[in-house]
Every structure is written in C-alpha cells, then in structure tokens.
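Survey of secondary and tertiary structure
Residue-level listing of the chains:
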Amino acid sequence: MDNKQPGNRTDDAISCSLYQNYERLDKAFANCSDIIITRYRFGPRFEYESIAVYCESLIDSHKVNFLQTVLQDLSERENKPIEAVNIEEVKLFFSRQGVSTRPAVVWTHFPETVHAVLNGEVVIFLDSWEFALGFPAYAVETRQVGEPINEPVVRGPHDSTVESITKNIGVLRSRLRDSQFKIQTITTQGQTKSVVAYGYMDGNVNPETLAEFKRRIVQVQDLNILETSYVEELIEDSTYSPFPQYRYTERPDVAISALLDGKIIVLVSGTPSILICPGLFVEFLSTSEDYYERTVYSTLVRTIRFAAFFMALTLPSLYIAFSTYHPELIPTVLLLAILDTREGIPFPAYLEALIMEFFFEIMREAGIRLPRPVGSAVSIVGALVIGQAAIQAKIASPIMVIVVALTGIASFSMPQYNLGITVRILRFPLMIFAATLGVFGLMIGYLLILLHLTALRSLGQPYLSAYAPLHPGQLRDVLIRAPLKYLLRSSRVRRMGGGRR
C-alpha cells in the first residue's frame, strides 16, 4: 500500500467531517450521472458511517464493495468478529499497516480523490478521518490484440499494439526482458489527464539525444494530449517541413528493434501508435520484413522501394518537362504515339496533369473516408469510369492516365504513410517547376529539396545520416541489406526496421 503522508494542511485537504466531504463530492461531480456516491454504515451497532464514490462506467461492478473486504481483512488480522471492528481500529490499521487483499492508496488531498475516481478507483471516506482510501477497479473494454492494420507483413510477428498503454508496455516488456529498458511516464495536467510514456535502452541511446528529448517532452505536461501525433508536432525540429521527422509503428517487434538501436519510443494512452525518434530519411523506406527475408530478396525489394519513391515524386514532372520543352529526348516512335493520343486534347500537358492529379487525390481521400466495405469499391470503380470517360471525352490523353496511375501505385509502396503524404505534397510544386522551365526547373526543384534535407534535423540528428554526413559503415543497411551476421552485435539485431544510431 502506498501511504501518502500529510504535508502542510491547505484548503484542498480532506475534511474530518464526512458531511463536508460529501458536499464537496456532490459539487465536484454535479450533473455526472455515471458517478455513484453511496453511504455505508458499519460497527457493532452500525454507528460508524462512510462514503464510497466511484464511476460506474469505468469500473467492474463486482469490485465495488471494497469496504466489506477491508473490514473482513482487518477482523482476520485482529482476530475479532467483523461486527466488533470500530472506527479507530480502521484508521490506525490503514495509517500503520495496509490491506493485504487489495493494493490501496491513502489520499490526503481532495483533488487527488477526484482524479482517482476518474481513473477508475473506488474511493472511501470515513467519518472523522482526514484521509481517504483508494482502491483500483478500472475495467474498461479495449480492443483485443490483432494484426497491424497499417503495417501488414507476410513473415514475422502478426500482433499489434492496442489503445491500452498498460498492455502495450507489457507487450514490450515481455519481449525485451532487460533492466536497461527504462520506461518513464508523464501524466498531463490538462482536462484529458492523458498518460504519456517514453522508453529507451540505457547504454544504447545517445545521452545527448536523450537529454534533448527530455528537454522537449516537458511541453506536454500542461496540454490536452489525445494522440502521439500531438507529441510529434510538439517536439519535432521543423514544424513546417513536409518531411516527417519521426516514425510511427503499431508493431511491437519494430519498437523493440528501434530501442535496441538506441531510439526513443513514445506511447500515449488511448492510441495504438508508437512514436519512434529520431527518424532518418532512409528508415522511412525500410520495413521489419526486410530482416525476415533473405538478404538478396530484401535488397531487391528495398531497391524497388527507393525507385518507387522517386517515381511517385517525379514521374508527372518528367512527363511534363519532356513533352513540353524537350521532345527531342523522347524516342521517335514513343513521341509519335504520345502526339497521336494527345490530338484533340484542349489542355496543355501541365494543366492536364494538374487536373488528373487533383481528381486522383480526391478519389484517394474518398476511398479512405468512406466505410471500408464501400470505400475500396468506390475508389476503384471511380478511377476506371472517370479515366475511361475522360479519354473518350478528349479531356485527358491515355498516356496521362497511365502516368497518373503509375504515380499513384508507386506512392502506395511507401512503408510509412507519412512519407507518402510528403510525396503527395511535393509532387505539385515539382510539376509547376517542370511546366515553367522544363528539366532545368525540375533540377532547381531537386536542388531545393536536397538543400532542405541536408539542413533538416530529427531530434538534433542529421536527417540524411549515412549519406550526409557519410558513414561508410552504415551503408550496408541503406540501399542494400547486408547479411544478418554482419548486422548482429552481442546477439542483438541493431538495425531491424531500418534504425540507426
């Protein structure tokens, strides 16, 4: 039992008068129909009175009658009938000893008891006693552990995190059974009273990175935090950068591998997403499955993934630049085919591409927001119908429909959803550069992106680490995936999921 010793008495202290405590409870929980305040009497002639308060929507109804359990435990320790227990013995018992059947907390301040009730505890007030007893009884239904929705794999573990932060920490503890795995929690002081937990491997994490993270994470204490994305925006280095600076995962194995590689993870109560920081550019194009397949296949797939990234980013821009400014760079047969399909199209190539990309983004967003059984069907049928109708109406050329479709398919291959959003954002400025100055304008766009990436930091770490600054030793796990025997150190996979110190 945790015994909170009284300090200086303030207006927030619990009153010795049971009536005053009842009035304060009634005022604090006014118009809260799920808060139950019940009076109990006990003693040889039922002359002692107590109050039990709890939130029935947060607790297990079978765990409500804690007072009877407490009295039964006390009577057994004192070797006397339960009817003979008096109020002074109850006070002395909890002040000096504790209760064996349930973990209990002795609260000294009234606001603490209100917070305890809203955390799923049964709080008991006794007459003429300036303390309150809190017993945990939290029992809210949560989603069962299932397969990750956003990170499906063919090989590897198929379990995912859930909305319960306690379960998530337990899953991580069960896989990383090392005392060097440290978990620290922060309870926010906003109205949500969310629990924010962060973990790291002591000895693996860079001390400077950890110190910088702790300096930034204190910002969450006075805010209403509902999801890990709130924490991401509060602690990231560049808020207005289109590139994500931290990774997300719903896979415990990815979180464990990140911890072993010296990363810091952040969990928030009520959300299954785990934030991994710092995040480097090459990590967003790696998956945990790269380490569950053989090295040749993993290297091939990773190379395809890098190619898909550049295709999703620049394919429409290249088409606009070549067809508008540099047709001599296109093979003659292909150029004739393009000219033949563009005959009768009323829009220039750049405007045609902008229109098609705009409507493709609308269909993609509609497919996400619609109910799942309907969304996929609507997006596929909509793309087919609109694409075919646009070709027949001479609004778009077949080659443009192919370019937009290939761009969309390439963007779907991004392992991290937030990197896919980056591609969608940057695609339009690059199209404007290409429509303005052709390949020269496209080179300007590339140069601006590269300059931004070289200056970008993630928790103080260079975003293009392994390339800029160049670390030859880390290149064996960037574009290629070296055999695991070269990546294993002290029987630990240090770069599973693309992580780097």
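A short tour of the structure in this document, coming up.

About the criteria used
- Residues numbered from 1 in each chain as written.
- Predicted model: local features only at pLDDT ≥ 70, side-chain atom pairs only at ≥ 80, totals over all residues.
- Heavy atoms only, no water.
- Helix = DSSP H or I, 4+ residues; strand = E, 2+ residues; numbered from the N terminus.
- Buried < 20%, exposed > 50% of the residue type's maximum accessible area, 1.4 Å probe, protein only.
- Contact = heavy atoms within 4.5 Å.
- Areas by Shrake-Rupley, 256 points an atom, 1.4 Å probe, with all protein chains shown as cover.
- Polar contact = N/O pair within 3.5 Å; in protein donor to acceptor, adjacent residues only side chain to side chain.
- Axes fitted to C-alpha atoms, helices over the stretch in contact; angles between N-to-C directions.
- Parallel < 35°, antiparallel > 145°, perpendicular 65-115°, else oblique.
- Left-handed = near helix turned anticlockwise from the far one by under 90°.
- Nonpolar A, V, L, I, M, F, W, Y, C, P; charged D, E, K, R; others polar.
- Patch = residues over 30% accessible without salt bridge, like charges linked within 9 Å, V, L, I, M, F, W, Y side chains within 5 Å.
- Salt bridge = Lys/Arg side-chain N within 4 Å of Asp/Glu carboxyl O.
- Phe/Tyr/Trp six-rings, centres within 6.5 Å; stacked < 30°, edge-to-face > 60°.
- Core = buried A, V, L, I, M, F, W, Y, C linked by side-chain atoms within 4.5 Å.
- Pairing = 2+ DSSP bridges.

1. Regarding the overall build of the protein
What the protein contains, in helices and strands, is 15 helices and 15 strands. Relative to its 501 residues, the protein shows a buried fraction of 46%. In the protein, 66% of the contacts between residues at least 6 apart in sequence involve partners at least 24 apart. Accessible surface, the protein: about 24,800 Å² in total, of which carbon and sulfur atoms supply 60%.

2. Some remarks on the side chain of Arg247
Within the secondary structure, Arg247 sits in strand β9 (residues 247-249). At a separation of 3.4 Å, a polar atom in the side chain of Arg247 contacts the side chain of Glu283.

3. Things to note about helix α8 (residues 252-260)
Three or four residues apart is the spacing at which side chains of an α-helix point the same way, because the helix has 3.6 residues per turn. Judged by how many residues are buried, α8 sits mostly within the fold: nine of nine residues are covered. For α8, the set of buried residues is Pro252, Asp253, Val254, Ala255, Ile256, Ser257, Ala258, Leu259 and Leu260. Immediately downstream of α8, the backbone of Gly262 shows phi near 90°, a positive value.

4. Some thoughts on the packing of helix α9 (residues 295-324) against helix α13 (residues 398-411)
At a minimum axis distance of 7 Å, the contact between α9 and α13 shows a crossing angle of 160°. Judged by the inter-axis angle, α9 sits roughly antiparallel to α13. Where α9 crosses over α13, the handedness of that crossing is left-handed. Listed contacts from α13 to Ala308, Met311, Ala312, Leu315, Pro316 and Tyr319 of α9 are Ile399, Met400, Val403, Leu406, Thr407, Ala410 and Ser411. Here the residues of the contact of α9 with α13 sort into eleven nonpolar, two polar and no charged.

5. Quick word on a nonpolar patch on the surface
On the surface, Tyr467, Leu470, Leu475, Leu479 and Ile480 cluster together into a nonpolar patch covering about 430 Å² of accessible area. Relative to the helices and strands, Ile480 is located in the loop between β13 (461-462) and α15 (484-487).

6. Overview of the packing of aromatic side chains
Per the counting criterion, the structure on display carries nine aromatic pairs. Look at Tyr198 and Phe213: their rings are 5.1 Å apart centre to centre, the planes differ by 65°, and that puts the pair in the edge-to-face class. With Tyr198 in strand β8 (residues 195-201) and Phe213 in helix α6 (residues 207-217), this residue pair connects regions lying 15 residues apart in the sequence. Across the pair, Phe213 and Tyr198 agree in class, each one buried. With a centroid separation of 6.3 Å and an interplanar angle of 55°, the aromatic rings of Phe281 and Tyr463 are classed as tilted. Pair noted here: Phe281 is in the loop between β11 (274-277) and α9 and Tyr463 is in the loop between β13 and α15, with a separation of 182 residues, a long-range link. A connected cluster of aromatic rings, assembled from ring pairs, spans Phe243, Phe281, Phe284, Phe309, Phe310 and Tyr463.

7. A few points about the nonpolar core
Among the nonpolar cores identified, the biggest contains 41 residues, and Phe243, Phe281, Leu285, Phe309 and Tyr463 are the most heavily contacted of them. Among the elements of the structure, α9, α11 (349-369), α13 and α14 (417-455) are those that each provide at least two residues to this core. Counting residues per element, this core draws most heavily on α14, which supplies ten residues. The contact partners of Phe243, leaving out residues within four places of it in the chain, are Phe281, Thr422, Leu426, Ile449, His452, Leu453, Leu456 and Tyr463.

8. Observations regarding the sheet that holds strand β10 (residues 264-268)
An order of β7-β8-β10-β11-β9 is seen for the five strands of this open sheet, with the pairing classed as antiparallel. In this open sheet, the two edge strands, each paired with only one partner strand, are β7 (181-187) and β9. Each neighbouring strand pair of the sheet contributes to a mean axis angle of 25°, computed without reference to strand direction. Where β9 lies against β11, three bridges are found, and the strand directions are antiparallel. Across the sheet, residue Tyr248 finds its bridge partner in β11, namely Leu275. Contacting β7, β8, β10 and β11, α6 crosses the sheet at an angle of about 175° to β8. Sheet strands in contact with helix α7 (residues 228-235) are β8, β9, β10 and β11, and its direction is about 130° off that of β10.

9. Considerations on the environment of Phe110
Tracing the backbone shows Phe110 in helix α4 (residues 110-118). For Phe110, a relative accessible area of 6% puts it in the buried group. Along the chain, Phe110 and Leu25 lie 85 residues apart, while their C-alpha atoms are 8.9 Å from each other. Those residues within four positions of Phe110 in sequence are excluded, and the remaining contacts are Asp12, Ala13, Ile14, Asn21, Arg24, Leu25, Ala28 and Phe125.

10. Let's talk about the pattern of salt bridges
Summed over the entire model, instances satisfying the criterion amount to 18 salt bridges. Note that Asp477 is salt-bridged to Arg302, the shortest N-O span being 3.0 Å. Separated by 175 residues along the polypeptide, Asp477 in the loop between β13 and α15 and Arg302 in helix α9 bring together distant segments of the chain. The residue Arg427 makes a salt bridge to Glu357 at a minimum N-O spacing of 3.0 Å. Taken together, the residues Arg427 in helix α14 and Glu357 in helix α11 connect sequence positions 70 residues apart. Looking at Arg427, the relative accessible area reads 0%, which means it is buried. Shared partners join several salt bridges into a network, and the residues in it are Glu357, Glu361, Arg364, Glu365, Arg424 and Arg427.

11. What about the side chain of Thr113?
Its location among the elements puts Thr113 in helix α4. With relative accessibility at 0%, the residue Thr113 sits in the buried group. Contacts of Thr113, omitting those with residues within four sequence positions, involve Ile14, Trp107, Val123, Phe125 and Ala132.

12. Re the pairing of β10
Of all five residues that make up β10, five are buried, and the element is covered over most of its length. Relative to β10, β8 is paired through four bridges, and the arrangement is antiparallel. For Tyr198, the partnering residue across the bridge sits in β10 and is Val266. Summarising the sheet, β10 and β11 pair through three bridges and their orientation is antiparallel. Note that in β11 the partner of Val266 across the bridge is Leu275. A loop of five residues connects β10 with β11, the two strands running antiparallel in sequence, and Gly270 in this loop sits at a positive phi of about 90°.

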